[in-house]
Amino acid sequence: MLSGCATFKSLNADVPIYERVFVYSRTRLDWAALENDDVTIRKFKAEPPGYPLVDLPFSFALDSLFLPLAISAEIFH
């Protein structure tokens with residue numbers, strides 16, 4: 001039913017590592033899908049989930065869990 005978690009979709013995006021946004025990127029992707037913000041969705045180069053409102057709390061939880069890793073990736077990439 002769900003098309004998948006945005007957390008893993010944005011990690012697998014075909015974007016060079018130096019152009020990726022790591023901090024809460026999956027939550028941002030869900031939010032952009034809710035607002036129909038095509039510019040932001042294109043920036044992530046990942047297909048947003050089919051039901052972003054359902055996926056949003058799960059993406060937020062996983063983004064919060066991975067926040068220390070995301071911050072270090074932003075600093076050192």
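All figures in this text were calculated on a predicted structure; none of them were measured in a lab. (Residues numbered from 1 in each chain as written. Predicted model: local features only at pLDDT ≥ 70, side-chain atom pairs only at ≥ 80, totals over all residues. Heavy atoms only, no water.)

Novice: How should the overall build of the protein chain be read in this particular structure?
Specialist: Scanning the protein chain for helices and strands turns up 5 helices and 0 strands. Along its sequence from the N terminus, the protein chain presents helices and strands in the succession α-α-α-α-α. Every one of the 77 residues in the protein chain was classed for burial, and the buried ones make up 32%. Partitioning the intrachain contacts of the protein chain with sequence separation of at least 6 by distance along the chain shows that 65% fall at a separation of at least 24. If you sum the accessible surface of the protein chain, you get close to 5000 Å²; carbon and sulfur atoms cover 66% of it. (Helix = DSSP H or I, 4+ residues; strand = E, 2+ residues; numbered from the N terminus. Buried < 20%, exposed > 50% of the residue type's maximum accessible area, 1.4 Å probe, protein only. Contact = heavy atoms within 4.5 Å. Areas by Shrake-Rupley, 256 points an atom, 1.4 Å probe, with all protein chains shown as cover.)

Novice: Teacher, can you tell me more about the nonpolar core here?
Specialist: Here is a general trend for soluble globular proteins: nonpolar side chains tend to be buried in one another's company. Counting residues in hydrophobic clusters, the biggest one holds 6 residues: Leu-29, Ala-32, Ala-33, Ile-41, Phe-44 and Ala-46. Within the residue set of this core, elements represented by two or more residues are helix 2 (25-34) and helix 3 (38-44). When residues of this core are assigned to their parent elements, the largest contribution, 3 residues, is made by helix 2. Ignoring anything within four residues of it in the chain, the contact list for Ala-32 reads Asp-37, Thr-40 and Ile-41. (Core = buried A, V, L, I, M, F, W, Y, C linked by side-chain atoms within 4.5 Å.)

Novice: Help me understand a nonpolar patch on the surface, please; the structure alone is not making it clear to me.
Specialist: On the surface, a cluster of nonpolar side chains totalling about 330 Å² of accessible area is made up of Trp-31, Leu-34 and Leu-53. Structurally, Leu-34 can be placed in helix 2. (Patch = residues over 30% accessible without salt bridge, like charges linked within 9 Å, V, L, I, M, F, W, Y side chains within 5 Å. Salt bridge = Lys/Arg side-chain N within 4 Å of Asp/Glu carboxyl O.)

Novice: Just checking my understanding: could you explain the confidence of the model for the protein chain for this structure?
Specialist: Note that predicted coordinates carrying low pLDDT should not be read in detail. Of all residues in the protein chain, 73% have pLDDT values of 70 or greater, and the mean over the chain is 78. Confidence scores differ between elements of the protein chain, with helix 1 (residues 6-11) showing the lowest mean pLDDT of 60 and helix 2 the highest of 89. (pLDDT = per-residue confidence, 0-100.)

Novice: Which parts of the structure should I look at to understand the pattern of salt bridges?
Specialist: Working definition: two side chains of opposite charge can pair if their charged atoms are close together. If you walk through the whole model with that rule in mind, you get 1 salt bridge. Between Asp-63 and Arg-26 there is a salt bridge, with its nearest N and O atoms 2.9 Å apart. On the criterion of sequence distance, the pair formed by Asp-63 in helix 4 (residues 52-65) and Arg-26 in helix 2 is long-range, its members being 37 residues apart. On the basis of relative accessible area, Asp-63 is assigned to the buried category, the value being 2%.

Novice: When you look at the environment of Asp-55 in this model, what are you seeing that I'm missing?
Specialist: Tracing the backbone through its elements, the reader meets Asp-55 in helix 4. Note on Asp-55: relative accessible area 5%, which makes it buried. Distance from Asp-55 to Arg-26, taken between C-alpha atoms, is 9.4 Å for residues 29 residues apart in sequence. At 2.8 Å, the side chain of Asp-55 and the side chain of Ser-59 are in polar contact. (Polar contact = N/O pair within 3.5 Å; in protein donor to acceptor, adjacent residues only side chain to side chain.)

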